[in-house]
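Chain by chain, the residues:
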Amino acid sequence: MTDASIYPVPAEWKTKAKVDAARYAQLHGRSLADPGGFWLEQARRLDWIKRPEIAGDWSFDEKDFHINWFADGKLNVAANCIDRHLATRGDQTAIIWEPDDPAEQPRRYTYAQLHKEVCRFANVLKAAGAKKGDRVTIYMPMIPEAAFALLACARIGAIHSVVFGGFSPDALAGRIQDCDSTIVVTADEGRRGGKKVPLKANVDQAAPLCPSLEKVVVVRATGGGVDMEPGRDAWYHDLAGMVADECPPEPMGAEDPLFILYTSGSTGKPKGVLHTSGGYLLWASLTHEIVFDYRPGQIYWCAADIGWVTGHSYIVYGPLANGATTLMYEGVPNWPSASRIWEVVDRHQVEILYTAPTALRALMKEGDDFVAKTSRKSLKLLGTVGEPINPEAWRWYHEVVGEGRCPIVDTWWQTETGGAMITPLPGAVDLKPGSATKPFFGIEPQLVDGEGHLLSGATEGNLVIARSWPGQMRTVWGDHARFFQTYFSTYPGKYFTGDGCRRDEDGYYWITGRVDDVINVSGHRMGTAEVESALVLHGKVAEAAVVGMPHDIKGQGIYAYVTLNANCEASEDLRSELKQWVRTEIGPIATPDAIQFAPGLPKTRSGKIMRRILRKIAEGDVSSLGDTSTLADPSVVDDLVANRVA
Ligand code: WT7
């Protein structure tokens, strides 16, 4: 291969990896030709109370819409992640915890200790009234107790709903209300980059809005002062002292819910993505082993937050199901300095590192010295997820961080998919910077045009998945019709990802980004409608339209057009106030990067905002605004262009 843009599989990976090119072709082929046989065989990697005899049973057609995997099987997810390892690796480290402040000592938990911690946590939840099927909201910092809480829910069959610790009290309340959680697990405070996050105080603000909420269990993390409401609130350590450290795992049907995780869509409120037990765990575990070529004993670090699906699948469930040593980091990548990630790698001899393009771009900007002064000799494999990685950042990761010796797995997937879907396997697939490369076992990606016509060969279109896979979400909590409508109605018979994608002449997939009204800010999804709703709640705002704009570090930034009420003056102060407003309403990740005051928005005669035009202006691409003749008032465009916020 002479093409400089191709990075061939290194020789030693070809021979040593679990899956080489021939095996990938064979397994992927078989997974599509004989899905029943293939998946029942794969299902043996889990410990079943009752082994399933049926694999996939599904239809994406409206008349007969259903998705089931291994439906006759019974298992417990926590027992798969803990108990079954006790005999063989009870004394092996399961979780390494690296604190925010590097001056503090890391903590380590063996599988045997994890077992006790999770059993105790499970008994605390039971004592607080949690039963199988109840929803438990987890609003926690990145401390080991967060992982214990997830696994404790899984152990007793309660459904966890993790809410990212950066979300506001209102956003938290909305998520508690939507699934009628009876219990919230939180901590006094979180810590990130030396700053405190008032988690318990946020819960106190959210709680009065949540009629279903009965108990708040508070883990002492920082020792910061909090108010405790008698009857409702209890310290975890008080409850834990009163319960046993043995708790039998609840037998669960493979299709019993495991968790809900809220994610933004193109319209409406965030959706509660529901994942079930058997198929999800199989997907998380299989992809973790094969994509990262995970070997027992390796130290593996996924630098995500447990508040996102990446943390669920690749900090907790996948690695622990595989008996791995998983590192959990409390802090942020650039504190106390831009060397921190690499220092953590050296401190714990991390072999596999999985992070996001936005973090890499931010660190790359600080210069290579922060990397060069660390060793990183332990690193063998690098991974990325969350958004398309620009080739420049990819090459920096490969050359500077990995010193040219570590393959990079660029894993494309979504909250909805449970785990990696299009991704290189490091021993099998030559890499092209910026391409997520090839489909994982069982995945049949297709590209379709706007009318749903199948496109073949090298082409570009909308990415759909033509058949179900075990890790697929099963419903939107409380709104099955919305589940069908969102994902299966645009291109009948297929799962629509919301992403645009190019396929090259070698059959490699290149994700081009969202084609709907979702923006990807630092690898996190933000619905434009959510930011708009927050803006119009402000007394001075009459109307708002939000679009994405290119951003050097975040990938996409948030650009908001705001029309003020009559008699309200636009000003710099109001601009700052509105940014702060959205921050408070939703959370820091939703803060608009730019706000343009607009006397009018470009609307069609039927009143529909033409976002295409707003996107172009936000991008600064004002020479190609396209046809504006169908606008009710074409003159608003000139004003928008003239007053663009640079
Ligand atoms: C959206 C899903 C998957 C966990 C993190 C985000 C984008 C994700 C990649 C990648 C290009 C990617 C897509 C997708 N995305 N990974 N490797 N290359 N784009 O999960 O919040 O559900 O967002 O993130 O646009 O649809 P999410």
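Remember, predicted model here, so these are calculated numbers, not experimental data. All residue numbers here refer to positions counted from 1 along the written sequence of the relevant chain. In keeping with the predicted nature of the model, local features appear solely for residues at pLDDT of at least 70, side-chain atom pairs appear and are counted solely at 80 or more, and the whole-chain, interface and lining totals rest on all residues.

### Describing the environment of I67
Worth spelling out the cut-off: The helix count covers DSSP runs of H or I at least four residues long, the strand count covers runs of E at least two residues long, and both are numbered beginning at the N terminus. Remark: residues whose backbone-derived C-beta atoms lie within 7 Å of one another are considered to be in contact.
By secondary structure assignment, the location of I67 is in strand β2 (residues 66-69). Along the primary structure I67 and Q349 are separated by 282 residues, whereas in three dimensions their C-alpha atoms are 41 Å apart. Those residues in contact with I67 that sit more than four places away from it in its chain are W58, S468, Q472 and R474.

### Some thoughts on the UniProt feature "binding site: CoA" (unreviewed entry) in the protein
Put simply, the rule reads: UniProt positions are given in the numbering used here, feature names are shortened, and annotations may be inferred rather than shown by experiment. Each residue is classified by how many other C-beta atoms fall within 10 Å of its C-beta atom, where C-beta atoms are placed from the backbone; a count of 20 or more means buried, 12 or fewer means exposed, and values in between mean partly exposed.
Look at the UniProt record and you will see "binding site: CoA" (unreviewed entry) annotated at R192, G193, G194, K195, T310, N334, S522 and R583. The greatest C-alpha distance among the annotated residues, which extend across 392 residues, is 23.6 Å, indicating that they are dispersed rather than converging on a single site. With respect to the secondary-structure elements, G194 resides in the loop between β9 (190-192) and β10 (195-197). The exposure class assigned to G194 is exposed, which follows from the 11 C-beta atoms found within 10 Å. Apart from the residues lying within four places of it in its own chain, the contact partners of G194 are D100 and W335. Its location among the elements puts T310 in helix α12 (residues 309-321). Residue T310 is classed as buried on the basis of its C-beta count, with 24 C-beta atoms lying within 10 Å.

### What about the sheet that holds strand β23 (residues 459-465)?
This is how it is decided: Pairing between strands is defined by DSSP: at least two bridges between them are needed.
In spatial order, the strands read β22-β21-β23-β25-β26; together these five strands make up an open sheet with antiparallel pairing. Two strands in the sheet have a free side with no partner beyond their single neighbour: β22 (454-455) and β26 (509-514). Here five bridges tie strand β25 (residues 495-503) to β26, and the two strands are oriented antiparallel to one another. Within β26, the position partnered with G500 by the bridge is G513.

### Looking at helix α11 (residues 278-291)
Our working rule: Helix span is expected to be 1.5 Å times the residue number reduced by one.
Over its 14 residues, α11 extends 20 Å from the first C-alpha to the last, a length consistent with the 20 Å expected when each residue adds 1.5 Å. Burial runs high along α11: 13 of the 14 residues are buried. Count one or two residues on from α11 and you reach D293, which has phi positive near 50°.

### Thoughts on the pairing of strand β15 (residues 271-276)
β15 sits mainly inside the fold: six of its six residues count as buried. Of the two faces of β15, both are covered, the one formed by K271, V273 and H275 as well as the one formed by G272, L274 and T276. Here strand β14 (residues 257-263) pairs with β15 via six bridges, running antiparallel. Bridge assignment links L261 to a residue of β15, and that residue is V273.

### Focus on the UniProt feature "domain: AMP-binding enzyme C-terminal" (unreviewed entry) in the protein
Here, UniProt's "domain: AMP-binding enzyme C-terminal" (unreviewed entry) annotation points to residues 530-608. The span residues 530-608 carries 27% helix and 32% strand; its end-to-end C-alpha distance comes to 17 Å.

### Topic: helix α14 (residues 357-365)
With respect to burial, α14 is a largely interior element, seven of its nine residues being buried. P357, T358, A359, L360, R361, L363 and M364 are the residues of α14 that are buried.

### Quick look at the site of the ligand
Under the convention used in this document: Residue proximity rests on one test: whether the C-beta atom, placed from the backbone, lies within 6 Å of the molecule or strand. Under the scheme applied, nonpolar residues are Ala, Val, Leu, Ile, Met, Phe, Trp, Tyr, Cys and Pro; charged residues are Asp, Glu, Lys and Arg; polar residues are all the others, including Gly.
As a matter of local geometry, the ligand sits amid 25 residues, with P388, Q414, T415, I511 and R525 nearest to it. Within the residue set of the shell around the ligand, elements represented by two or more residues are α12, β25, β26 and β28 (524-527). Considered class by class, the residues forming the shell around the ligand number eight nonpolar, 12 polar and five charged.

### Examining the nonpolar core
Our working definition: Buried Ala, Val, Leu, Ile, Met, Phe, Trp, Tyr and Cys residues whose C-beta atoms connect them within 7 Å together make up a nonpolar core.
Counting residues in hydrophobic clusters, the biggest one holds 202 residues, and the most contacted among them are V118, L125, A149, L151, A152, C153 and A560. Here the element with the most residues in this core is helix α7 (residues 144-156); it accounts for 10 residues.

### Quick word on the environment of G36
Take G36: it is sitting in helix α3 (residues 35-42). Sequence separation of G36 and E53 is 17 residues, and the distance between their C-alpha atoms is 9.3 Å.

### A short note on unusual backbone geometry
Each neighbour pair has its own omega, and for W335 with P336 the value is 0°, a cis peptide bond. Relative to the elements of secondary structure, P336 occurs in the loop between β17 (325-329) and α13 (340-348). Its identity as a non-glycine residue notwithstanding, D180 has a phi of 50°, on the positive side. Using a count of 14 C-beta atoms within 10 Å as the deciding quantity, one classes D180 as partly exposed. One non-glycine residue, D293, lies in positive phi territory at about 50°. On the secondary structure map, D293 appears in the loop between α11 and β16 (299-302). On the basis of neighbour counts, which here come to 22 C-beta atoms within 10 Å, the residue D293 falls in the buried class.

### What to know about the packing of α11 against α12
Geometry of a packed helix pair, given as the angle between the helix axes and the separation of the axes. For the record, the criterion: In this analysis, axes come from line fits to C-alpha atoms, helices being fitted only over the stretch in contact, and the angle between any two N-to-C directions falls in the range 0 to 180 degrees. Here roughly perpendicular refers to angles of 65 to 115 degrees, roughly parallel to angles under 35, roughly antiparallel to angles over 145, and oblique to all remaining angles.
Two elements in contact, α11 and α12, have axes separated by 8 Å at closest approach and are oriented at 85°. Taken together, the axis directions place α11 and α12 in an arrangement best described as roughly perpendicular. Facing α11, whose interface residues are L281, A284, S285, T287 and H288, α12 presents S313, Y314, Y317, G318, P319 and A321. Grouping the amino acids of the contact of α11 with α12 by side-chain chemistry returns six nonpolar, five polar and no charged.

### Describing the sheet that holds strand β18 (residues 352-355)
Taken in spatial order, the seven strands of this open sheet run β5-β4-β17-β16-β18-β19-β20, and their pairing is mixed. Of all the strands in the sheet, just β5 (107-110) and β20 (408-410) have a single pairing partner and so form its edges. In this sheet, neighbouring strand axes are inclined to one another by 20° on average, regardless of whether the strands run parallel or antiparallel. In this sheet, β20 lies alongside strand β19 (residues 381-384) in parallel orientation, the contact comprising three bridges. Looking at the pairing, G383 lines up with V409 of β20.

### Quick look at the environment of I306
By the element assignment, I306 lies in the loop between β16 and α12. When the 24 C-beta atoms within 10 Å are taken as the criterion, I306 is described as buried. For I306 and V316, which are 10 residues apart along the polypeptide, the C-alpha to C-alpha distance reads 8.2 Å. Once you skip the residues sitting within four places of it in the chain, I306 turns out to touch M142, A146, A147, V162, G311, H312, I315 and V316.

### What to know about the pairing of β23
Counted residue by residue, β23 has five buried out of seven residues, so it is predominantly covered. Bridging between strand β21 (residues 445-448) and β23 involves four bridges; their strand directions are antiparallel. By the bridge assignment for β23, Q446 is matched with V464. Relative to β25, β23 runs antiparallel, the two being bridged by six bridges. Residue pairing across strands places N462 opposite G500, the latter belonging to β25.

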